[in-house]
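Geometric and topological summary
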Amino acid sequence: MQKTGIKIAAQNRKAYHDYFVEDRYEAGVELFGTEVKSIRGGALNLKDAYCVVKNGEIFVHHMHISPYEQGNIFNKDPDRPKRLLMHKREIRRLHDLQKQDGYALIPLSVYFKDSHVKIEVGLCKGKKNYDKRQSIAERDAKREMDRARKNR
């Protein structure tokens with residue numbers, strides 16, 4: 001009996017601070033069993049992760065999956081590049097968009113969907129420092145409005 005639904009394993013909050021997310025794509029990941037068990041335990045870090053298209057395949061780099069505690073010789077290198085599973089035309093489209101100036105492919109979240117590990121990849125455009133300050137100011141203003149509304 002398989003579990004159904006979506007359970008988020010990790011989110012890349014730094015990506016929302018550093019980039020404007022313009023489009024989102026779902027991709028499967030090629031993982032080994034001990035890596036999946038480690039992700040279920042929450043030992044995953046997306047902070048500096050990014051995606052690269054190479055030879056018609058898309059890989060995610062710097063996605064750190066800590067070694068599984070009970071896994072012995074089957075543990076893999078925690079920082080190895082992991083291949084993403086997407087349709088060829090999607091990969092081609094992402095590669096063409098990524099070549100444009102200022103765009104990057106950034107993993108936004110890792111989650112379980114019907115017992116399969118999926119990654120949400122965002123087509124992102126880098127923010128400048130003044131954009132980041134503006135985002136922080138908007139967030140603070142929203143927080144102040146919520147506080148004032150709550151205190152009424």
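Whatever comes next refers back to the structure up there.
From a predicted model like this one, the values you see are computed outputs, not experimental measurements. (Residues numbered from 1 in each chain as written. Predicted model: local features only at pLDDT ≥ 70, side-chain atom pairs only at ≥ 80, totals over all residues. Heavy atoms only, no water.)

**Observations regarding the pattern of salt bridges**
- As enumerated under the stated definition, the model contains 12 salt bridges in all.
- Of the charged contacts in the structure, one is a salt bridge between Lys132 and Asp18, with a shortest N-O distance of 3.4 Å. Residue Lys132 is located in helix α4 (residues 129-151), and its partner Asp18 is located in helix α1 (residues 13-18); the two are separated by 114 residues in the primary sequence. Accessibility classification places Lys132 together with Asp18 in one group, the buried group.
- Between Lys142 and Asp146 there is a salt bridge; the shortest N-O distance is 3.4 Å. A residue pair is termed a helical-turn pair when its members lie 3 or 4 positions apart in one helix, as Lys142 and Asp146 do in helix α4 at four residues. (Salt bridge = Lys/Arg side-chain N within 4 Å of Asp/Glu carboxyl O. Helix = DSSP H or I, 4+ residues; strand = E, 2+ residues; numbered from the N terminus. Buried < 20%, exposed > 50% of the residue type's maximum accessible area, 1.4 Å probe, protein only.)

**Description of the environment of Gln70**
- With respect to the secondary-structure elements, Gln70 resides in the loop between β6 (64-65) and β7 (82-85).
- Counting along the chain gives 65 residues from Gln70 to Ser135, while the straight-line C-alpha distance between them is 43 Å.

**Thoughts on the pairing of strand β4 (residues 50-54)**
- Only one face of β4 is buried, namely the one carrying Cys51 and Val53, since none of Tyr50, Val52 and Lys54 on the opposite face is buried.
- Of the strand pairs in this sheet, β4 and strand β5 (residues 57-61) are connected by five bridges, and their pairing is antiparallel. If you follow Tyr50 over to β5, its bridge partner there is His61.
- Linkage of β4 to β5, two consecutive antiparallel strands, is achieved through a turn of two residues, within which Asn55 is found at a positive phi near 55°. (Pairing = 2+ DSSP bridges.)

**Some points on empty space enclosed by the protein**
- Overall, the coordinates contain one cavity of 30 Å³ or more when judged by the stated rule.
- As a volume, the largest cavity reaches approximately 40 Å³.
- Taken together, Thr34, Glu35, Ser38, Ile65, Ser66, Pro67, Tyr68, Asn75, Lys76, Asp77 and Pro78 make up the full set of residues lining the largest cavity.
- Tallying contributions element by element places helix α2 (residues 33-40) first for the lining of the largest cavity, with three residues.
- Residues belonging to the lining of the largest cavity are distributed by class as follows: four nonpolar, four polar and three charged. (1 Å grid on protein atoms, 1.4 Å probe; cavity = no way out; pocket = protein on both sides within 12 Å on 5 of 7 lines; lining within 4 Å. Points joined across faces, edges and corners; volume = space filled by probe spheres on them. Nonpolar A, V, L, I, M, F, W, Y, C, P; charged D, E, K, R; others polar.)

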